[in-house]
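Analysis of the macromolecular model
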Amino acid sequence: MCKKQGAAVVVPCFFMQESLPMTLFNSRNSIHRSPLGAVADGTRVHFKITLPRDMQCSASYLLVQHPDNRIECLDMFWCGMNGNDYEWWECHFTPQKTGLYFYHFELRTSRGRSVLKKDLGGEARAGAREDWQLTVYDGAYKTPDWLAGGILYQIFPDRFASSGKAKENVPADRTLHENWLDQPDWKPNAQGIVTNSDFFGGDLKGIEEKLEYLASLGVTCIYLNPIFESHSNHRYDTANYEKIDPLLGDEEDFRSLCAAAKERNIHVLLDGVFSHTGSDSIYFNREGRYGDGGAYRSQSSPYYPWYSFRSWPNDYECWWNFITLPNVREENPAYDNYINGEDGIIRHWLEAGASGWRLDVADELPDGFIDRLNRAAKAQDENAMVLGEVWEDASNKTAYGVRRRYLLGGQLDSVMNYPFRDAILGFLLGEHASLIMDRIETIVENYPPQVLRILMNHIGTHDTERALTVLGGEPAGSRGREWQSAHTLSPEQRETGLERMRLAAFLQFMLPGVPCIYYGDEAGMEGYRDPFNRACYPWGHEDEGLIAWYRYLGLLRQEHGDILKGGGLRSVYAHDNVLSFERYVETDGGEDALFVAVNRSMENAVIPGLHLDNAEFIFGAPYPNPAGGDFKLPPFGFTLLRIHREKTENGES
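Residues numbered from 1 in each chain as written. Predicted model: local features only at pLDDT ≥ 70, side-chain atom pairs only at ≥ 80, totals over all residues. Heavy atoms only, no water.

Regarding the packing of helix α4 (residues 333-340) against helix α6 (residues 367-380)
Orientation of α4 relative to α6, taken along the N-to-C sense of each, is 30 degrees, at an axis distance of 9 Å. In terms of their interaxial angle, α4 and α6 are classed as roughly parallel. You can see that α4 and α6 cross each other, and the crossing is right-handed. On α6, the residues that touch Tyr 335, Asp 336, Ile 339 and Asn 340 of α4 are Phe 369, Arg 372, Leu 373 and Ala 376. Of the residues in the contact of α4 with α6, the class split is 5 nonpolar, 1 polar and 2 charged. (Axes fitted to C-alpha atoms, helices over the stretch in contact; angles between N-to-C directions. Helix = DSSP H or I, 4+ residues; strand = E, 2+ residues; numbered from the N terminus. Parallel < 35°, antiparallel > 145°, perpendicular 65-115°, else oblique. Left-handed = near helix turned anticlockwise from the far one by under 90°. Contact = heavy atoms within 4.5 Å. Nonpolar A, V, L, I, M, F, W, Y, C, P; charged D, E, K, R; others polar.)

Here we look at the pattern of salt bridges
Scanning the model with the defined rule gives 51 salt bridges in all. For Asp 360, the salt bridge identified is with Arg 358, shortest N-O distance 3.1 Å. Take Asp 360 and Arg 358: they sit in the same class, and that class is buried. As a salt-bridge pair, Glu 474 and Arg 479 come within 3.4 Å of each other at their nearest N and O atoms. The class for Arg 479 is partly exposed, based on a relative accessible area of 36%. (Salt bridge = Lys/Arg side-chain N within 4 Å of Asp/Glu carboxyl O. Buried < 20%, exposed > 50% of the residue type's maximum accessible area, 1.4 Å probe, protein only.)

Some thoughts on the side chain of Asp 413
Note on placement: Asp 413 falls in the loop between β26 (402-403) and β27 (414-415). Since its relative accessible area comes to 1%, Asp 413 is described here as buried. Side chain to side chain, Asp 413 and Lys 378 meet in a polar contact 2.8 Å long. Asp 413 has contacts with Tyr 141, Lys 142, Thr 143, Pro 144, Lys 378, Ala 384, Met 385, Val 386, Gln 450, Val 451 and Ile 454, leaving out every residue within four places of it along the chain. (Polar contact = N/O pair within 3.5 Å; in protein donor to acceptor, adjacent residues only side chain to side chain.)

Describing the layout of surface pockets
Reported here for the largest pocket is a volume of approximately 1,400 Å³. Residue classes in the lining of the largest pocket are distributed as 12 nonpolar, 11 polar and 18 charged. By volume, the second largest pocket amounts to about 1,100 Å³. Lining the second largest pocket are 34 residues, with Ser 30, Leu 36, Arg 570, Tyr 584 and Glu 586 sitting closest to its centre. Going through the elements one at a time, α8 (433-446), α9 (449-452), β30 (568-575), β31 (578-587) and β32 (590-599) are the ones with two or more residues in the lining of the second largest pocket. In terms of residue count, β30 provides more of the lining of the second largest pocket than any other element does, 4 residues in total. Partitioning the lining of the second largest pocket into residue classes produces 12 nonpolar, 12 polar and 10 charged. (1 Å grid on protein atoms, 1.4 Å probe; cavity = no way out; pocket = protein on both sides within 12 Å on 5 of 7 lines; lining within 4 Å. Points joined across faces, edges and corners; volume = space filled by probe spheres on them.)

Notes on the sheet that holds β32
The strand order across the open sheet built from 5 strands is β30-β31-β32-β36-β34, with neighbouring strands paired in antiparallel fashion. The sheet is open, and its two edges are formed by β30 and β34 (615-620), each paired on a single side. Strand-to-strand, the axes of this sheet are offset by a mean angle of 20 degrees, without reference to chain direction. The sheet contact formed by β32 and strand β36 (residues 638-646) spans 9 bridges and is antiparallel. In the sheet register, Val 598 faces β36, and the bridge partner there is Phe 638. Taken strand by strand, α8 contacts β30 and β31, and its axis lies near 170 degrees from that of β30. (Pairing = 2+ DSSP bridges.)

So, the sheet that holds strand β24 (residues 385-388)
Strand order in the open sheet formed by 8 strands is β27-β24-β23-β20-β17-β14-β29-β28, with parallel pairing between adjacent strands. Edge positions in the sheet fall to β27 and β28 (456-458), since each has one partner strand and no second. With 4 bridges connecting them, strand β14 (residues 152-155) and strand β17 (residues 221-224) associate as parallel partners. Its bridge partner being in β17, Tyr 153 is matched across the sheet by Ile 222.

A short note on the packing of helix α7 (residues 418-428) against helix α12 (residues 491-510)
The contact between α7 and α12 brings their axes to 10 Å, and the two run at 145 degrees. Between α7 and α12 lies a crossing of right-handed hand. Every residue of α12 that contacts α7 at Ile 424, Phe 427 and Leu 428 is listed here: Arg 500, Leu 503, Ala 504, Leu 507 and Gln 508. Looking at the contact of α7 with α12, its residues break down into 6 nonpolar, 1 polar and 1 charged.

Regarding the environment of Arg 235
Within the secondary structure layout, Arg 235 lies in the loop between β18 (228-230) and β19 (238-244). Sequence spacing of Arg 235 and Thr 277 is 42 residues, and the spatial spacing of their C-alpha atoms is 9.9 Å. Those residues in contact with Arg 235 that lie beyond four places of it in its chain are Pro 157, Asp 158, Arg 174, Phe 199, Pro 226, Ile 227, Phe 228, Ser 230, Asp 245, Leu 247 and Leu 248. In terms of polar contacts, Arg 235 uses its side chain to reach the side chain of Asp 245, at 3.2 Å.

Okay, here's the thing in structure tokens:
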């Protein structure tokens, strides 16, 4: 039990191993914790646990670990009976500073001391080992409204669409495919190097010509992989932040794309690669393309202080030891000013028409640099988006020994939501439904609501295998590019993959956040890892049925935007082959909700004893039993219902 010693406590304890029949505490239930989820600093949080009367609890405590690791012990107070056999204990805690707080409960009972910690589903269990997390963010933290309720569309610029417009000043050492539907080059050259220097000629004008198609999908924001001058097809080796790559066009083409997109209420998000540049760049110039300047060729270069040389010129710090990607010193004042200054890169391209930036490898950017980048973006446009590439739970991410503060205010507005991708694909491939729902609810619980509503929910990107390939085929595993290049889905695998793909997209569009379509996923594109996941969009060879599916999902998001734009999430039934949940919003008269259910199997599935009053059928399998009872879903079945609940006399819905 905790013994108070000034600001700190000593916590000797042992675990009670017996299981208890009632939920003692659940951090995702407003009866036990209110308000739910992440909270602003200064918010009074109510905690309430229920304990069996026969435990004869004489004292209970809430132990909170502050962001500075100080532990605070709060007395809980007996506050009445919960039926005949249980009793309530409660207290309040008001976090004054932003950061992560971790908490658990300790009890003094007739059977000794006991500790309650977090188990699956946010429930308390004696003997569990994980503390609950309370995320506390800056009360002034705001995120842009324009993305909420919308749809993102990711484009790999070289491979989406080509206008056929002649280009000027294209370097002669690039290979241009004549056939749009060729497989991307994957074999090493004579020196054993994969150069990524083959191009297909996609360009900004080509994207502009396809805006009507994107609008038909309901797209409200285009996320472009890097578009600045670079000498590889992926363009993550920036050569000049000030110029559009000549194969894509020029700044006038970019401004034209942004203006044309704006007319259709579509925003444009740029990819910012600021942790490294290309070695073949105006800044480093190892290859000598840019004359005698650059840090590699002259220690007198203004760019020399941007880089970390162990022994100039050939021994320098690189991104993941790729010598073509020298790391920059983001805290160098000259580099920081070049990117984040009043006349810097961030502001220039926002002024040119972009609506925000996606930050490549955000965990490799120092906090101070992200702070200044955020300020630069918001100074240019208060509604500018700053979105980070983070693969884990971004609320508690630790990188290079530092707990990051991405989502506490002043840094990122949103992140790429890989945890939801893993959950969606994992569920459809057989992982336990309750574990999947716990992963989803953990993100919902840990992220501030203003972040949650604009999360980038993807099921595939340029860094992952195509979702259809994952859902229908065998994983590449450790197999090399030669195996990957020769394997496509068999007709049977593709049929199964398409069934699962429709369910994956349905979940993606219904979960909190904003669905992001990786170009061509909606057209049925397959492909293992880079470069096979980066083939050209198959114009004229699309899966029209799958495209129609995505279009309808887009319409559903529009029609039910009052709920999907920022509504909460609660689990309904996650067991065996079924995943079901509700998205909900409170109204003056009660609550409006969407009930979502998916059966991942080739067999019929049942949700037992489901009672949904005032349910309106929207989409999927017909609602068979409005009066309640077993809810049946056919093979690969799904349903979407809309429910209105009136408030009762005690104020509950």
